[in-house]
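Overview (structure and organization)
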Amino acid sequence: MIVDLHSHSYYSDGTLSPKSLIELAEQKGVEIFSITDHDNVDAYHEIKIIQTKLTIIPGIEFSTSWNKIGVHIVGLNVDTQSEFLLRAIEYQKNTRLKRAELIAKKLEKYGLFGAIEKITKKVNINQIGRPNFANLMIEEGIAKDWNHAFKKYLGAGKVGDVKNGWLDFKQVLAAIISSGGIPVLAHPLYYKLTNSKLKRLIQDFISNGGEAMEVINGFQNPQKTNYLKELCLSFDLKASLGSDFHSPSKWNKLGCHTNLVSGLKTVW
Ligand code: AMP
Ligand code: MN
Ligand code: MN
Ligand code: MN
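1. Considering the coordination of the manganese ion (ligand 4)
- Taken together, the protein donors to the manganese ion (ligand 4) comprise H6 (NE2), H8 (NE2), E61 (OE) and D244 (OD), at separations of 2.1 to 2.3 Å.
- In the primary sequence, the donor residues of the manganese ion (ligand 4) line up as H-x1-H-x52-E-x182-D.
- Between the two metal centres, the manganese ion (ligand 4) and the manganese ion (ligand 2), the spacing is 4.5 Å. With H6 in the loop between β1 (2-4) and α1 (18-27) and E61 in strand β4 (residues 59-66), this pair connects stretches of sequence that are 55 residues apart. There is no split in this pair, since H6 and E61 are both buried.

2. A word on the coordination of the manganese ion (ligand 3)
- The protein atoms that coordinate the manganese ion (ligand 3) are E61 (OE), H72 (ND1) and H187 (NE2), at distances of 2.1 to 2.2 Å.
- Linear spacing of the donor residues for the manganese ion (ligand 3) on their chain is E-x10-H-x114-H.
- Between the two metals, the manganese ion (ligand 3) and the manganese ion (ligand 2), the spacing is 5.6 Å. Here the residue H72 occupies a position in strand β5 (residues 69-76), and H187 occupies one in the loop between β6 (182-185) and α8 (195-207), the gap between them amounting to 115 residues. For the pair formed by H72 and H187, the shared burial category is buried.

3. Things to note about the site of ligand 1
- Near ligand 1, the surroundings consist of D13, H38, R96, R99, G129, R130, P131, W146, F150 and H246.
- Tallied by class, residues from the shell around ligand 1 come to 3 nonpolar, 3 polar and 4 charged.

4. What to know about the packing of aromatic side chains
- All chains considered together, the criterion is met by 3 aromatic pairs.
- Seen in terms of ring centroids, Y10 and Y11 are 5.2 Å apart; in terms of plane orientation they differ by 75 degrees. Their pairing is edge-to-face. No difference in accessibility class separates Y10 from Y11, as the two residues are buried.
- Ring centres of W146 and F150 lie 5.2 Å apart, and the angle between their planes is 45 degrees; on these two criteria the pair is classed as tilted. On the criterion of helical spacing, the pair formed by W146 and F150 is a turn pair, its members being 4 residues apart in helix α6 (residues 146-154).
- With a relative accessible area of 41%, W146 lands in the partly exposed category.

5. Considerations on the sheet that holds β6
- Taken together, 5 strands build an open sheet; the order of strands is β4-β5-β6-β7-β8 and the sheet is mixed. Each having just a single partner strand, β4 and β8 (238-242) make up the two edges of the open sheet. The mean angle between the axes of side-by-side strands here comes to 35 degrees, regardless of whether they run parallel or antiparallel.
- In the sheet, β4 pairs with β5 via 8 bridges, with the strands oriented antiparallel. Along β5, the bridge assignment pairs T64 with V71.
- The sheet contacts of α8 involve β4, β5, β6 and β7 (212-217), and relative to β6 the element is tilted by about 175 degrees.

Parameters and conventions
Residues numbered from 1 in each chain as written. Chains lettered and ligands numbered in written order. Predicted model: local features only at pLDDT ≥ 70, side-chain atom pairs only at ≥ 80, totals over all residues. Heavy atoms only, no water. Donors = N, O, S within 2.8 Å, 3.2 Å for Na, K, Ca; no water. Helix = DSSP H or I, 4+ residues; strand = E, 2+ residues; numbered from the N terminus. Buried < 20%, exposed > 50% of the residue type's maximum accessible area, 1.4 Å probe, protein only. Near = heavy atom within 4 Å. Nonpolar A, V, L, I, M, F, W, Y, C, P; charged D, E, K, R; others polar. Phe/Tyr/Trp six-rings, centres within 6.5 Å; stacked < 30°, edge-to-face > 60°. Pairing = 2+ DSSP bridges. Axes fitted to C-alpha atoms, helices over the stretch in contact; angles between N-to-C directions. Contact = heavy atoms within 4.5 Å.

So yeah, pure geometry; function would need other evidence.
Structure (structure tokens):
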């Protein structure tokens with residue numbers, strides 16, 4: 001079976017509409033699918049009127065931090081009308097706006113001026129995130145490419161990595177659970193934690209109601225997959241898998257084979 005429980009539409013930093021995303025998922029033979037935009041569920045307002053044979057699991061990817069490290073938590077099967085969820089989303093929306101202004105201010109030192117105005121002038125900007133700053137820095141010749149922009153200015157620990165202000169770790173888990181969803185720890189290896197710190201993060205996640213972790217996030221080497229499978233088993237978590245698809249490219253493909261996590265309990 002092919003499933004995909006982590007993807008982005010243009011309601012966050014993806015490039016496709018929910019409709020195109022679903023059509024692409026159908027083409028790729030995906031059977032269970034979730035759009036998990038950063039800190040919002042706007043895609044699901046549009047999906048209500050889309051006919052599809054896919055099983056769609058409403059989802060969201062929350063930004064938060066754990067011990068001052070930026071962490072993402074996916075909520076699957078959330079009630080997109082839930083008051084708890086909508087309140088959390090409203091909070092994140094305000095935080096993201098204030099954060100964008102802070103990031104813009106910090107990047108002035110590197111010659112980037114009027115960033116917010118320039119970003120919001122573009123079409124299809126529903127939300128401002130670091131990818132918008134990366135693109136602008138490339139356009140203005142401050143960064144030579146995406147990699148450079150994140151490595152030097154926007155990635156973990158750099159000036160543009162403003163992560164304070166998000167709902168805290170416990171609140172994010174509570175919002176997902178209160179809205180009927182299942183909390184999934186997203187891409188556990190992206191946080192570059194030592195083994196023992198990662199285990200502490202997972203332990204804290206479980207203590208606060210976390211139930212699953214991503215064993216597959218996008219294209220990933222088999223060694224990483226094996227390590228994540230071991231972690232998943234030893235903490236008795238359910239496995240989730242997703243492409244973390246943002247836009248059509250050679251590297252980023254929708255859909256994951258469930259045989260990648262055979263032998264594990266799964267979130268679906
Ligand atoms: P934000 O939601 O503003 O925190 O932006 C984070 C998004 O930037 C991620 O979800 C990725 O889509 C994208 N991104 C791409 N490369 C990186 C990187 N090296 N570090 C962090 N985020 C990245
Ligand atoms: Mn993203
Ligand atoms: Mn993420
Ligand atoms: Mn994502």
